[in-house]
Each structure stands twice: as structure tokens, then as C-alpha cells.
Amino acid sequence: MKKRPAAFIFLFCSLGALWAFYYSKSLLTYLVILIISIIVLFLIKKTILRITAFLIFCFCISSIHALLYKKNYINITQNLNTNNTFFHAKINNIYTNEDGSKKLLILAKQDNKPHIFNLILRLHDSASALKIDANDEITFKAKALTFTKPLSAVHFNELQYGLSNNIHGKITIKDSFLIEKITHHKKSLLLTLRENLKNKLLNYLTIKEAALLIALIIGENSLLDNEQMETFKIIGAQHLLAVSGLQVSMLTLFIYFIISSLLALILPRSIIHKTKPLACITAIIFIWFFVALCGFPKSAIRAAFMASILFLPNLIVRKIDIFDSLYASGCILILINPAYILDLGFLLSYACVFGLTQAYELSKNLLKPLKNYSLVLFYAVSLFISIISADRKSTRL
């Protein structure tokens, strides 16, 4: 069995973040343990002790980061004025609900408050009919509410939801006259590209077709009507309307093969060996440009990290398979933002990918004779195993 140090690092980083969020309160304890682990790591020559010290080091780093994140979140939430006050906000994302109401994720600032708050703004009735887009700036007067603990274990834990998504409160507005849109003539390059894409699709397609394509390409579902949303909900395909591994992997592979083919044709023979590294660098740049164009959704960030790490063998002399990519991307994401460990989407996506890769590795040798017998049967059985393994791993959570 192949040794996978990244798996242990991922495990200890995850445990450190979880422990800090649920059980720990003392930052000093972690700092002392961190210093001791560093001393052991550099002064002790015994391999097993150095490995243990490094894993404890990863645990402490993750715990310290999680504690600081939690304290900062609580500090900002406590400074949120829950009285009826004026807000100046920028819209990050817009989601349309089945009943026609809208949910906006906004970056808001209150009068006489230095903090910037991440808030959920729900628009109902006449307010939901306002023509607003992502990156628009608005002002409004409303009462903000902070998240509270659930009454029991069966109720939705909105406090954990806020902590995991770094959202500090929620606001509901029903009257459109309470919101004023601020118009700016200067727009960012990404916003201009998004609007040009939407306008092109709306010019050449019907509204329903354009809305569906926009949702599939960049994950924006604000143009989808209630009938389309209900249809995707019934057939269980709502995940296709969010940018995730499907779009990222398809675009990445397409760009990689196109660029590598073109470079193989145009590069001189003396540097033809650099075709793959250049194609990988181009594909990685394109991945992150596409993620930025979509507004940096969490699912796309996870897929982009994994794809970027999978391209590393063509840039460095080291073999990296899907398992190493899975563990390394998860570890990096938790170290960047420890609250990912509380995100159900993060847990489900990694559980499903792990189930798929594990099933593939276990069945690879068993399916070899079947491939020689019938390709159709081979792919049918492989697809069946993938579906069952992904389902089993996700339902365990």
C-alpha cells in the first residue's frame, strides 16, 4: 500500500480545526504545544518522534487559526447594530427562490461602524421585483438580526451556518421603496465580461434557454423562472446549476488538450519537451480566471485547487495521483479558512470524491478482464460502481 503523508496532515489539520471550534478556548495552550513541537522537530533525530511532532504542529496551527477566526467572527457579530439603521452595501451574489423571493449575499457597512459585515438580505413582495445585479451597490434602512442557537438538535443550526460561511446576520425587506440603487459607470473587467456573456446569450436565445446556459456556465440562477427551478428540483439535478467540479474539470481538460496540441504544432523541436508544462500553466491560469468570473464559489474553489495540484507532476519531478491531490487540496483549504471543516458542502464533496477514487482503485484490477471482453460492459459496470460508492460515502455523513 502506498504511503500517503498528505492524508495524515489533512486528518490532523481537520481535527485541529474541529477541536478548536467545538471544545477549546485557550490560545496559550496551543502556543506552548506548538513551540514544544518545533523544538522536537529540529532537535530530536528519531524519525517517529519528528513525524509525531510535525503532525502535532499541523494540529496546533489549524487550531490556532480556527480560534482566531472564531474570535474575530464573534467580535464582528457583537458589533452589528440590531436596531433600525442605514446600511451601505455591495451585492456579491443573488439567488432566486422557488416562491419568487430573492436571497442576496451582501457586504454591508452600517453608519458609524468601522466593521464590514457579511449579511444575508432576503427580498420579498415588491422588493423582490427590483432590477439589481451582482456587484451593484445599494443603500437601505432596515433592522439586522444575528444568528441564534437552535432550540433543539433537530432544528436548523443557523449559528453554525453563519460561522462556517462567515455570515454575521440576516435582514428581510418587503417594500421596494426602502432600497436605493447606487449607479456607477466604472465596472470591473470580470463584471463587464459577465454582463457581455449574459447579453450575448439573451440576444441569440430565448430567455429560458439563456437563463439555463448562464446557470450552467457561471452558476448564476437569477434569470431562471420558478418552473425551471422546480423541474431541476424534481429530477434531482439542482447541483448542475452551481459551478463545481463538473464545469471546472471539463473546461480544464478542454483547455489543456487544445493548448498542448497547438504548442506541439508551433513550438520548435528544441523546446518541444516544454509542451506539457506550458499547457499545464495555461490551464491553471484559465481555471482560476474562470473561478473568478463565477464569483469564487466554494465548490469551484475546491475543484480548482484539486485540478491545480493534479497538474503539478508536469511542473515538478514528483508523481501525484488523485488521492494526493484530494488530501493536499483539503489541507490547503482548511489552513486558509478553517471554517470549511464546518461546511456540509465541503464534507460531502470530499466524501464523494474519496468514495469514487477508492472504488476505482479497488475495482481497477478486477475490471481489467472485463475491459478486454466488452468495453460497453466495462464502462457500464464502472459507472454503476462510481454511483454506488459516491452515494454510500455521502449518506454516511
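Residues numbered from 1 in each chain as written. Predicted model: local features only at pLDDT ≥ 70, side-chain atom pairs only at ≥ 80, totals over all residues. Heavy atoms only, no water.

Participant: Could you clarify how one ought to interpret the overall build of the protein chain in this entry?
Facilitator: What the protein chain contains, in helices and strands, is 13 helices and six strands. When the 397 residues of the protein chain are sorted by exposure, 38% land in the buried category. Of the contacts made within the protein chain by residues no fewer than 6 positions apart, 66% connect residues no fewer than 24 positions apart. Of the roughly 23400 Å² of accessible surface on the protein chain, a fraction of 66% belongs to carbon and sulfur atoms. (Helix = DSSP H or I, 4+ residues; strand = E, 2+ residues; numbered from the N terminus. Buried < 20%, exposed > 50% of the residue type's maximum accessible area, 1.4 Å probe, protein only. Contact = heavy atoms within 4.5 Å. Areas by Shrake-Rupley, 256 points an atom, 1.4 Å probe, with all protein chains shown as cover.)

Participant: How should a nonpolar patch on the surface be read in this particular structure?
Facilitator: Together, Ile 35, Ile 38, Ile 39, Phe 42, Leu 43, Ile 44, Ile 48 and Leu 49 make up a nonpolar patch on the protein surface, roughly 790 Å² of accessible area in all. Residue contributions to the nonpolar patch peak at five residues, all from helix α2 (residues 27-43). Relative to the assigned elements, Ile 38 resides in helix α2. With relative accessibility at 32%, the residue Ile 38 sits in the partly exposed group. (Patch = residues over 30% accessible without salt bridge, like charges linked within 9 Å, V, L, I, M, F, W, Y side chains within 5 Å. Salt bridge = Lys/Arg side-chain N within 4 Å of Asp/Glu carboxyl O.)

Participant: I tried to follow the pairing of strand β4 (residues 137-143) on my own but got confused; where do I start?
Facilitator: Residues in a regular strand project their side chains so that they alternate between the two faces of the sheet. Only one face of β4 is covered, namely the one carrying Ile 138, Phe 140 and Ala 142; the face carrying Glu 137, Thr 139, Lys 141 and Lys 143 has none of its residues buried. Inspection of the sheet shows strand β1 (residues 84-96) paired to β4 by seven bridges, in the antiparallel sense. From the neighbouring strand, Phe 87 faces β4, where its bridge partner is Phe 140. In terms of strand pairing, β4 meets strand β6 (residues 179-182) through four bridges, oriented antiparallel. Within β6, the position partnered with Thr 139 by the bridge is Glu 180. (Pairing = 2+ DSSP bridges.)

Participant: I tried to follow helix α11 (residues 322-336) on my own but got confused; where do I start?
Facilitator: For an α-helix, the turn length of 3.6 residues means that residues three or four places apart are oriented alike. In this model, α11 (15 residues) spans 21 Å end to end at C-alpha, consistent with the 21 Å of a helix rising 1.5 Å per residue. Listed in full, the buried residues belonging to α11 are Phe 323, Asp 324, Ser 325, Leu 326, Tyr 327, Ser 329, Gly 330, Cys 331, Leu 333 and Ile 334. (Expected span 1.5 Å × (residues − 1).)

Participant: Explanation requested: the environment of Thr 172 in the structure shown.
Facilitator: Its location among the elements puts Thr 172 in strand β5 (residues 169-173). Spatially, the C-alpha atom of Thr 172 lies 5.8 Å from that of Leu 121, the residues being 51 residues apart in sequence. Sequence-distant contacts of Thr 172, defined by excluding residues within four places in its chain, comprise Arg 122 and His 124.

Participant: In this structure, what is going on with the layout of surface pockets? I would like to understand it.
Facilitator: Over the atoms a probe the size of a water molecule is rolled, and this reveals where empty space is left. The computed volume of the second largest pocket comes to approximately 540 Å³. Taken together, 20 residues line the second largest pocket, and the ones lying closest to its centre are Lys 70, Ile 74, Lys 149, Leu 159 and Leu 163. Elements that contribute at least two residues to the lining of the second largest pocket include exactly α1 (5-22), α3 (47-78) and α4 (158-165). A total of five residues in the lining of the second largest pocket trace back to one element, the largest contributor, which is α3. Residue composition of the lining of the second largest pocket, by class: eleven nonpolar, six polar and three charged. (1 Å grid on protein atoms, 1.4 Å probe; cavity = no way out; pocket = protein on both sides within 12 Å on 5 of 7 lines; lining within 4 Å. Points joined across faces, edges and corners; volume = space filled by probe spheres on them. Nonpolar A, V, L, I, M, F, W, Y, C, P; charged D, E, K, R; others polar.)

Participant: What is the right way to look at the environment of Leu 342 in this model?
Facilitator: Within the secondary structure, Leu 342 is located in the loop between α11 and α12 (344-373). Not counting residues up to four positions away in its chain, the partners in contact with Leu 342 are Leu 18, Phe 21, Tyr 22, Gln 160, Leu 163 and Ser 164.

Participant: Where do I start with the packing of aromatic side chains in this structure?
Facilitator: Any two aromatic rings considered together are summarised by their centre-to-centre distance and by the angle between their planes. Inspection of every chain in the model, using the stated rule, returns 15 aromatic pairs. Taken together, a centroid distance of 4.9 Å and an interplanar angle of 45° make the contact between Trp 19 and Tyr 23 tilted. On the basis of relative accessible area, Trp 19 is assigned to the partly exposed category, the value being 45%. Between Phe 147 and Tyr 161, the ring centres sit 6.4 Å apart and the planes meet at 85°, which makes this aromatic pair edge-to-face. One end of the pair, Phe 147, is in the loop between β4 and α4; the other, Tyr 161, is in helix α4, with 14 residues separating them in the sequence. Grouping aromatic residues by their ring pairs yields a cluster made of Phe 10, Tyr 327, Tyr 340, Phe 346 and Tyr 350. (Phe/Tyr/Trp six-rings, centres within 6.5 Å; stacked < 30°, edge-to-face > 60°.)

Participant: What's the story with the environment of Gly 162 in this structure? I'm lost.
Facilitator: With respect to the helices and strands, the residue Gly 162 is situated in helix α4. Placed 44 residues apart in sequence, Gly 162 and Asn 118 show a C-alpha to C-alpha distance of 9.4 Å. Contact partners of Gly 162, with chain neighbours within four places excluded, come to Tyr 73, Phe 147 and Ile 167.

Participant: It is not clear to me how the state of the cysteines should be interpreted in this structure. Could you clarify?
Facilitator: Working definition: the covalent bond between the sulfur atoms of two cysteines is a disulfide. Per the counting criterion, the structure on display carries zero disulfides. No disulfide involves Cys 331; its nearest neighbouring cysteine sulfur is the one of Cys 13, lying 3.6 Å away. (Disulfide = S-S within 2.5 Å.)

Participant: I would appreciate a short explanation of the side chain of Asn 118 in the present structure.
Facilitator: Counting through the fold element by element, Asn 118 comes out in strand β3 (residues 117-123). Residue class for Asn 118 comes out buried when judged on its relative accessible area of 18%. The contact partners of Asn 118, leaving out residues within four places of it in the chain, are Ile 106, Leu 107, Asn 166, Ile 167, His 168 and Gly 169.

Participant: In this structure, what is going on with the confidence of the model for the protein chain? I would like to understand it.
Facilitator: Detailed reading of the predicted model is not advised wherever pLDDT is low. Scored by pLDDT, the protein chain has a mean of 81; 87% of the residues are at 70 or more. Under a pLDDT of 50 for its full length, residues 393-397 has, in the predicted model, nine contacts with residues more than four places off or in other chains. (pLDDT = per-residue confidence, 0-100.)

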